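Now for the letters of each chain:
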Amino acid sequence: DAALALVGVSRRYHEGTKPLVILDEADFTLRRGEMVALVAPSGAGKSTLLHTAGLLERPDAGEVIVNGKSCGKLSDDDRTAIRRNEVGFVYQFHHLLPEFSALENVVIPQLVRGLSQKEAQDRAMQLLDYMKIGPRAEHRPAELSGGEQQRVAIARAVANAPLVLLADEPTGNLDPHTAGYVFDAMEALVRHSGLSALIATHNHDLAARMDRRVTLAEGKVVDF
Ligand code: ADP
Ligand code: ADP
């Protein structure tokens with residue numbers, strides 16, 4: 001039972017006239033409730049894989065299936081709707097809106113999706129509490145530490161109750177102690193919400209704690 005599947009997905013870029021093959025008929029399945037680490041060197045194609053899986057980029061060939069829906073033939077608008085409803089993203093840098101509080105940053109995506117202010121605020125506060133950042137809810141991103149910013153970014157990523165969380169080096173900018181703390185909170189939230197997560201990381205200790213580890217080898221996604 002797959003939350004997300006890539007079937008025969010290819011993705012290439014061009015460096016001048018030379019094709020750069022990043023994904024070559026790659027297959028990957030993220031099962032429901034599964035937390036998978038994506039571990040590969042810089043430049044191997046982790047961001048490309050995450051962006052393709054999250055419908056931010058279209059593959060050159062193959063099919064991305066989110067929650068049982070084949071996304072290849074959908075319009076950009078339909079893909080955006082699936083991305084908003086089914087997928088949450090976390091990046092290495094938080095990308096929070098600087099002029100809004102932590103709370104507002106988690107509220108806003110829910111308003112976009114049509115929830116009332118009250119519903120959105122209640123859920124945002126729950127998520128911030130879950131990420132152990134509730135007492136800092138009224139602070140703006142610049143007033144928070146790096147670890148706190150990432151905890152807000154994670155709360156925001158799951159605000160719309162997605163099925164899948166895609167994270168690109170979510171703790172990559174943090175010192176090891178803070179990284180461990182942020183990962184603990186993220187893991188608890190993922191497990192508690194029954195989310196499926198694909199998390200790119202260079203941190204082997206954190207990778208070891210996930211259900212499964214995959215890497216990119218010659219354009220394929222392989223377990224290791
Ligand atoms: P990673 O996330 O593992 O560091 P990326 O997916 O970002 O890897 O990039 C994989 C390779 O593809 C890199 O060599 C990168 O320079 C190249 N690349 C990524 N995006 C583009 C693009 N839009 N155009 C051309 N090359 C790209
Ligand atoms: P992310 O923020 O998701 O990690 P980036 O935008 O930083 O993705 O890109 C990741 C990698 O892809 C970097 O190595 C970057 O240099 C490369 N890259 C991105 N866009 C292009 C592009 N248009 N041409 C060549 N390389 C690119």
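One can find the structure itself at the top, above this paragraph.
What you are looking at is a predicted structure, and each value in this text was computed from that prediction instead of being measured. (Residues numbered from 1 in each chain as written. Chains lettered and ligands numbered in written order. Predicted model: local features only at pLDDT ≥ 70, side-chain atom pairs only at ≥ 80, totals over all residues. Heavy atoms only, no water.)

### Looking at the site of ligand 2
- For ligand 2, the full set of nearby residues is Ser47, His51 and Asp168.
- At 3.4 Å, a side-chain N or O of histidine 51 approaches an oxygen atom of ligand 2.
- Within the side chain of aspartate 168, one N or O atom sits 3.4 Å away from an oxygen atom of ligand 2.
- Summarising the interface, the protein chains cover 16% of the accessible area of ligand 2, which totals 540 Å² for the free molecule. (Near = heavy atom within 4 Å. Polar contact = N/O pair within 3.5 Å; in protein donor to acceptor, adjacent residues only side chain to side chain. Areas by Shrake-Rupley, 256 points an atom, 1.4 Å probe, with all protein chains shown as cover.)

### Some words on helix 4 (residues 117–130)
- In this model, helix 4 (14 residues) spans 20 Å end to end at C-alpha, consistent with the 20 Å of a helix rising 1.5 Å per residue.
- Regarding helix 4, the residues found buried are Ala120, Ala124, Leu127 and Leu128. Angular distribution of buried residues about the axis of helix 4 spans 100°; they occupy a single face of the element. Of the exposed residues in helix 4, those oriented more than 90 degrees away from the buried face are Lys118 and Gln126.
- Against the buried residues of helix 4 lie helix 3 (102–112), helix 5 (146–157) and helix 6 (176–193).
- Positive backbone phi, approximately 60°, marks lysine 132, located one or two places after helix 4. (Helix = DSSP H or I, 4+ residues; strand = E, 2+ residues; numbered from the N terminus. Expected span 1.5 Å × (residues − 1). Buried < 20%, exposed > 50% of the residue type's maximum accessible area, 1.4 Å probe, protein only. Arc of directions from axis to C-beta. Contact = heavy atoms within 4.5 Å.)

### Some words on the sheet that holds strand 5 (residues 69–70)
- The sheet built from four strands is open, its strands ordered 2-1-4-5 with antiparallel pairing. Looking at the sheet topology across the chains shown, the edges are occupied by strand 2 (18–31) and strand 5.
- As paired strands, strand 1 (residues 2–15) and strand 4 (residues 61–66) are joined by five bridges and run antiparallel to one another. Pairing of leucine 6 across the sheet is with valine 64, part of strand 4. (Pairing = 2+ DSSP bridges.)

### Focus on the pairing of strand 9 (residues 212–217)
- Direction of pairing for strand 3 (residues 35–38) relative to strand 9: parallel, over a ladder of three bridges. Its bridge partner lying in strand 9, valine 36 is registered against arginine 212.
- Remark: two residues form the turn of the hairpin made by strand 9 and strand 10 (residues 220–223), two consecutive strands paired antiparallel; glutamate 218 in that turn has positive phi of roughly 50°.

### Details of the packing of aromatic side chains
- The tally for this structure, following the rule as stated, stands at one aromatic pair.
- Taking 6.0 Å as the distance between ring centres and 10° as the angle between the ring planes, the aromatic pair formed by phenylalanine 89 and tyrosine 91 counts as stacked.
- You can call phenylalanine 89 buried: its relative accessible area is 17%.
- A relative accessible area of 26% places tyrosine 91 in the partly exposed class. (Phe/Tyr/Trp six-rings, centres within 6.5 Å; stacked < 30°, edge-to-face > 60°.)

### Let's talk about the site of ligand 1
- As a structural note, the neighbourhood of ligand 1 is formed by Tyr13, Leu20, Ile22, Pro41, Ser42, Gly43, Ala44, Gly45, Lys46, Ser47 and Thr48.
- Within the contact set of ligand 1, a nitrogen atom lies 3.3 Å away from a side-chain nitrogen or oxygen of tyrosine 13.
- A distance of 2.8 Å separates an oxygen atom of ligand 1 from a polar backbone atom of serine 47.
- Alone, ligand 1 offers 560 Å² of accessible surface; in the complex the protein occludes 59% of this.
- Sorting the residues of the shell around ligand 1 by element identifies strand 2 and helix 1 (46–53) as the ones contributing at least two each.
- In terms of residues, the shell around ligand 1 owes the most to one element, helix 1, which gives three residues.

### Describing the pattern of salt bridges
- Scanning all chains against the criterion turns up 14 salt bridges.
- Arginine 209 is the salt-bridge partner of glutamate 187, the closest N and O atoms lying 2.8 Å from each other. One end of the pair, glutamate 187, is in helix 6; the other, arginine 209, is in the loop between helix 7 (204–208) and strand 9, and 22 residues separate them in sequence.
- With relative accessibility at 35%, the residue arginine 209 sits in the partly exposed group.
- Ionic contacts of the salt-bridge type, sharing partners, join the residues Arg31, Glu34, Arg212 and Asp223 into one network. (Salt bridge = Lys/Arg side-chain N within 4 Å of Asp/Glu carboxyl O.)

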